[in-house]
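Descriptive structure summary
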Amino acid sequence: LAGAVEDLLARHEVLRTCIPDDDGVPFTRLAEPGPRLVVHDLSTLPEAERNAAAHRLADEEAVRPFDLATGPLVRITLLRLAADDHVLLWTYHHIVFDGWSPTIFFRDFTELYQARLAVRNNQRSFLKVTLPQGALVWSSSVAGRAVRAGQGPDGSLLFPLRLTAHRGHAYP
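For clarity, every value in this text was computed on a predicted model and none was experimentally measured.

It is worth spelling out the packing of aromatic side chains at this point. Tallied over the full model, the rule gives six aromatic pairs. Here the aromatic rings of Trp 90 and Phe 109 are separated by 5.2 Å at their centres, their planes lie at 75°, and the arrangement is edge-to-face. Here Trp 90 is found in strand E7 (residues 85-92), whereas its partner Phe 109 is found in helix H3 (residues 101-117), with 19 residues between them in sequence. On the basis of relative accessible area, Phe 109 is assigned to the buried category, the value being 8%. When the ring of Phe 109 is compared with that of Tyr 113, the centres are 6.2 Å apart and the planes differ by 15°; the resulting orientation is stacked. Within this pair, Phe 109 and its partner Tyr 113 are both found in helix H3, separated by four residues, close to a single helical turn. Feature note: the residues Trp 90, Tyr 92, Phe 97, Phe 105, Phe 106, Phe 109 and Tyr 113 constitute an aromatic cluster, connected by ring pairs. For Arg 75, the ring lying beneath its charged end belongs to Phe 66, and the centroid distance is 4.0 Å.

Pasting the structure below:
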C-alpha cells in the first residue's frame, strides 16, 4: 500500500503542491516534505474501542485544516483495525481536485495498488511532460506566441501535446 501511495504521489505533481504567497500574490511550488502515509494501529484495542477510535480519528481528520502555504494539501491515513481489516482515509483540500480529478485519482491508485500486489511494475508510463509544462505549451499556442518545442522558459523540456477528450474528440 505504501508503495502504491508513493507511486501515485510521484505520478501526480498536484498532490505534492503547496500555494505560498509573495506579498499577497499566490504561487505554486512543490511541498517539502510531500505527503506521507500515516498509520494508526488500532488492532490491539477491544472491538468497541477500536471502532470508536476509528470514527474519532476519521472525524478529526475531516476537520483538520490545511496550510496552503506549506502543504501538503493531501493527507493519507491508514487505520489498521485487524490484520485483514483496514480503513484508508484520503483527505484533500478542494483546490487539489476538480470535478474529474477523483475519478482519475482513484483509477490510478487502484491500478498502482493492484500492480504492487501482483509484484509487477506498473503498466502505465509516467508523463514525460508535467501538467504545468503541457499547460504552458497549450496556453502559449492559444495566445499566438511561438513556443520552441523542447525548451521551456526555465530550460525544462517541453513537447507539444495533442489532448484527446472524452468520446474521442481531439483538441489541438
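With that out of the way, let us pick up H3. Spanning 17 residues, H3 covers 24 Å between terminal C-alpha atoms, matching the ideal 24 Å at 1.5 Å per step. All of the buried residues in H3 are Ser 101, Phe 105, Asp 108, Phe 109, Leu 112 and Ala 115. Buried residues of H3, seen end-on, are gathered within an arc of 125° and therefore sit on one face of the element. Turned more than 90 degrees off the buried face of H3, the exposed positions are Thr 103 and Leu 117. The inward-facing, buried residues of H3 contact helix H1 (2-11) and E7.

The subject of this paragraph is the confidence of the model for the chain. Summary statistics for the chain give a mean pLDDT of 76 and a share of 69% for residues scoring 70 or more. Across residues 122-129 the pLDDT falls below 50, and counting only partners more than four positions away or on other chains, this stretch makes 13 contacts in the model. Overall, residues 136-172 carries pLDDT values under 50, and its contacts beyond four positions in sequence, including any with other chains, amount to 32 contacts.

Cut-offs applied
Residues numbered from 1 in each chain as written. Predicted model: local features only at pLDDT ≥ 70, side-chain atom pairs only at ≥ 80, totals over all residues. Heavy atoms only, no water. Phe/Tyr/Trp six-rings, centres within 6.5 Å; stacked < 30°, edge-to-face > 60°. Helix = DSSP H or I, 4+ residues; strand = E, 2+ residues; numbered from the N terminus. Buried < 20%, exposed > 50% of the residue type's maximum accessible area, 1.4 Å probe, protein only. Lys NZ or Arg CZ within 6 Å of the ring centre and 35° of its normal. Expected span 1.5 Å × (residues − 1). Arc of directions from axis to C-beta. Contact = heavy atoms within 4.5 Å. pLDDT = per-residue confidence, 0-100.

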